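# Survey of secondary and tertiary structure
Here are the chains, one letter per residue:
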Amino acid sequence: MAGHESHYILPRPEFNKSVKILIVVSPYYKDIADNMIAGAKAEIEAVGGTWDLIEVPGALEIPTAIGIAERLSNFDGYVALGCVIRGETTHYETVCNDSSRAIQLLGLQGLCIGNGILTVENRPQAEVRADPADQNKGGGAAAAALHLVALSRKWGAQRKDVGFVPAAEEYKLAGELKDNPKA
């Protein structure tokens, strides 16, 4: 079992405009999910942010729900929470790898996501990691999302499009230059 090695934790970011975060959770292991949600909510509230919560059936549905919310709603960032405990089949590897990969791809498209999907060998490992008074991985995932929101606000205006799509006024089509030489 992993020890409690100390590590550096970044100071909480500060916001001059409230942050709205969506917590997407798979409550497959309800007690573990509830602890992670408590940690995430506390972290978001500590910076004066607001949150909304949705539940999905499993870890594989978390990235899809985040993608839907990004297209159809107005959240600044997302917290992905769930727990995958190794079983007797290779399903564990599929769920761990695919959910993590999908979240990473959404992040590379510009979404601010804190990944708190636990991937553990057994229930005791999950319980320690989920406990807000112990490793508080739900709070850590919320902190990651908040830091990414702060970074995105530092570097640019908010854009609703998913991915690195420039705003309409940032690019010109080739024909526009010929028709309007001042463009």
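A few points on the structure. The shown structure was predicted, so the numbers you read here are calculated from the model rather than taken from an experiment.

A cluster of nonpolar side chains, namely Leu-148, Leu-151 and Trp-155, defines an oily patch on the protein surface of about 320 Å² accessible area. By the element assignment, Leu-148 lies in helix α5 (residues 137–155).

For the rest of this paragraph, the subject is the environment of Leu-146. Along the polypeptide, Leu-146 turns up in helix α5. For the pair Leu-146 and Ile-21, spaced 125 residues apart in sequence, the C-alpha separation works out to 8.4 Å. Once you skip the residues sitting within four places of it in the chain, Leu-146 turns out to touch Pro-13, Phe-15, Val-19, Ile-21, Glu-43, Ile-44 and Val-47.

Between the first and last C-alpha of helix α1 (residues 30–46) there are 24 Å, a value that for 17 residues agrees with the 24 Å anticipated at 1.5 Å per step. Taken as a whole, α1 has its buried residues at Ile-32, Ala-33, Met-36, Ile-37, Gly-39, Ala-40, Glu-43 and Ile-44. The buried residues of α1 occupy an angular sector of 165 degrees when the element is viewed end-on, so they sit on one face. As for α1, its buried residues are in contact with β1 (20–25), β2 (50–55), β3 (77–85), β4 (113–120), α4 (123–130) and α5. Backbone geometry just downstream of α1 places Gly-48 in the positive-phi region, at approximately 80 degrees.

Before going further, it helps to examine the pairing of β1. Buried residues dominate β1, accounting for 5 of its 6 residues. Bridging between β1 and β2 involves 6 bridges; their strand directions are parallel. Paired with Ile-23 across the two strands is Leu-53, which belongs to β2. For the segment spanning β1, α1 and β2, crossover handedness is right-handed. Where β1 and β3 come together, 5 bridges link them in parallel fashion. When the sheet's bridge partners are listed, Val-25 is paired in β3 with Leu-81.

We now examine the pairing of β3. β3 sits mainly inside the fold: 9 of its 9 residues count as buried. Burial along β3 is two-sided: Gly-77, Val-79, Leu-81, Cys-83 and Ile-85 and Tyr-78, Ala-80, Gly-82 and Val-84, pointing in opposite directions, are all buried. Relative to β4, β3 runs parallel, the two sharing 8 bridges. Note that in β4 the partner of Leu-81 across the bridge is Gly-116. After leaving β3, the chain enters helix α3 (residues 91–108) and then returns to the sheet as β4, a path that is right-handed.

What the rule picks out here adds up to 8 salt bridges. Residue Glu-93 pairs with Arg-86 through a salt bridge whose shortest N-O separation is 2.7 Å. Glu-127 serves as the salt-bridge partner of Arg-123, at 3.3 Å between the closest nitrogen and oxygen. With Arg-123 and Glu-127 both in helix α4, this residue pair falls 4 residues apart, about one helical turn. On the basis of relative accessible area, Arg-123 is assigned to the partly exposed category, the value being 31%. Several salt bridges converge on common partners, so that one network encompasses Asp-31, Arg-123 and Glu-127.

Scoring rules and cut-offs
Residues numbered from 1 in each chain as written. Predicted model: local features only at pLDDT ≥ 70, side-chain atom pairs only at ≥ 80, totals over all residues. Heavy atoms only, no water. Patch = residues over 30% accessible without salt bridge, like charges linked within 9 Å, V, L, I, M, F, W, Y side chains within 5 Å. Areas by Shrake-Rupley, 256 points an atom, 1.4 Å probe, with all protein chains shown as cover. Salt bridge = Lys/Arg side-chain N within 4 Å of Asp/Glu carboxyl O. Helix = DSSP H or I, 4+ residues; strand = E, 2+ residues; numbered from the N terminus. Contact = heavy atoms within 4.5 Å. Expected span 1.5 Å × (residues − 1). Buried < 20%, exposed > 50% of the residue type's maximum accessible area, 1.4 Å probe, protein only. Arc of directions from axis to C-beta. Pairing = 2+ DSSP bridges. Right-handed = clockwise from strand over helix to strand, strands pointing away.

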